[in-house]
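Examination of the molecular architecture
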Amino acid sequence: MTRKIIIDTDPGQDDAIAILLALASGDALDVLGITTVAGNVPLPLTSRNARMVCELCGREDIPVHAGARRPISGRTVTAEHVHGKTGLDGAKLDEPSMQLQSRLAIEFIADQLRVHEAGEITLCCLGPLTNIAAFLTEYPDLKARIGRIVMMGGAYFEVGNITPTAEFNIFADPQAAEIVFSSGLDLVVVPLDVTHRLLLTPSRLQAFRDIGSRIGHTVADWAGFFERHDIEKYGSDGAPLHDPAVIAYLLDPTLFTGRYVNVAIETDSELTRGMTVIDWWKVTDRPPNAQVMGAVDTDGFFELLTERLRAFGDGADRRYRTGSEMTCRQAV
Ligand code: BDR
Ligand code: CA
């Protein structure tokens with residue numbers, strides 16, 4: 001049975017790889033559409049980049065809907081220092097010819113929740129949670145129709161990556177995160193504690209190149225680009241690959257282990273704004289509100305990702321090379 005998903009995202013090279021992984025997995029995931037949010041780069045660029053990724057793999061049929069330009073309050077935080085000026089620096093791709101859809105992100109989410117069975121749709125959140133908070137505020141009557149939210153965000157043991165105490169997606173819009181974490185929805189959180197175990201070592205980058213397809217080379221080029229920043233920052237053997245972990249969780253949750261715990265968001269403090277205060281050791285009476293992942297099978301994750309991209313790359317490239325009518329979905 002395929003699971004219906006909407007990907008809410010701020011591409012970003014790692015978001016782009018997550019989108020490719022989802023589109024490569026048509027046997028398990030039915031991507032209803034992509035909604036974009038300001039994050040790694042401003043909204044016009046995240047909306048452009050999402051369409052470029054769809055076109056890279058011949059999936060111009062995926063509707064892309066633009067969402068929030070700025071967080072609920074405060075200034076827009078971006079991360080060009082990691083992802084480059086465009087958010088997808090590192091590989092040369094054509095400007096998209098696909099059009100953005102006219103319906104806004106939250107209208108699209110509402111439309112989809114109305115036409116599908118209650119509980120059928122999973123929201124996959126790969127960026128700041130601004131769109132999801134706006135949706136919950138605007139359409140409270142549709143909240144109960146959301147099956148689950150699986151997100152990349154926050155940290156406990158790894159604490160922060162954009163400030164000493166905050167992870168980027170939560171820091172970029174802590175008020176939105178607070179709305180989502182207090183929503184009572186079924187939440188699965190993939191924090192830095194997991195993604196910092198998913199290092200793009202030289203041999204893993206080489207495995208992408210060895211796929212031999214345009215997609216394999218593009219993924220390796222993207223990863224190589226943002227590595228330069230993270231290797232220097234962390235002194236590690238490779239940069240962490242964050243957002244594809246959300247899609248991998250949907251494809252094979254046995255790769256991950258975690259705990260059902262309380263997560264509270266710091267929204268006020270100058271010093272710790274955007275911190276995810278995770279009650280990992282259950283030292284408070286605050287009720288659990290999220291399944292927070294704490295460990296991952298790193299080799300299993302990279303095998304899954306590389307295998308899926310390999311199967312996909314062949315199909316998408318064949319279409320790219322021959323211009324045939326074969327779609328990627330048929331090819332996987
Ligand atoms: C998150 O922030 C962004 O830079 C990445 O795309 C990921 O979603 C990691 O902190
Ligand atoms: Ca992201």
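The paragraphs below set out a description of the structure included in this document.

Counted according to the given criterion, the structure contains twelve salt bridges. Arg308 is the partner of Asp27 in a salt bridge, and the nearest nitrogen-oxygen pair spans 2.6 Å. Of this pair, Asp27 sits in the loop between α1 (13–23) and β2 (29–36) while Arg308 sits in helix α12 (residues 298–322); the two residues are 281 residues apart in sequence, bridging distant segments of the chain. For Asp111, the salt bridge is made with Arg103, and the minimal N-O distance between the two is 2.9 Å. The class of Asp111 is partly exposed, set by a relative accessible area of 23%. One salt-bridge network, in which partners are shared between bridges, spans Arg103, Glu107, Asp111 and Arg114.

Here the focus is the environment of Glu107. By the element assignment, Glu107 lies in helix α4 (residues 105–115). On the accessibility criterion, Glu107 (23% relative accessible area) is partly exposed. Residues Glu107 and Glu138, 31 residues apart in the sequence, show an inter-C-alpha distance of 9.5 Å.

Moving on to the packing of aromatic side chains. Across all of its chains, the model carries seven aromatic pairs by this definition. Relative to Trp280, the ring of Tyr156 lies with its centre 6.4 Å away and its plane at 20 degrees, an arrangement referred to as stacked. Of the two residues, Tyr156 is situated in the loop between β5 (146–152) and α6 (168–171) and Trp280 in the loop between β9 (276–278) and β10 (290–296); the sequence distance between them amounts to 124 residues. On the basis of relative accessible area, Tyr156 is assigned to the partly exposed category, the value being 27%. Relative accessible area serves as the criterion here: at 10%, Trp280 is assigned to the buried category.

Calculation rules
- Residues numbered from 1 in each chain as written.
- Chains lettered and ligands numbered in written order.
- Predicted model: local features only at pLDDT ≥ 70, side-chain atom pairs only at ≥ 80, totals over all residues.
- Heavy atoms only, no water.
- Salt bridge = Lys/Arg side-chain N within 4 Å of Asp/Glu carboxyl O.
- Helix = DSSP H or I, 4+ residues; strand = E, 2+ residues; numbered from the N terminus.
- Buried < 20%, exposed > 50% of the residue type's maximum accessible area, 1.4 Å probe, protein only.
- Phe/Tyr/Trp six-rings, centres within 6.5 Å; stacked < 30°, edge-to-face > 60°.

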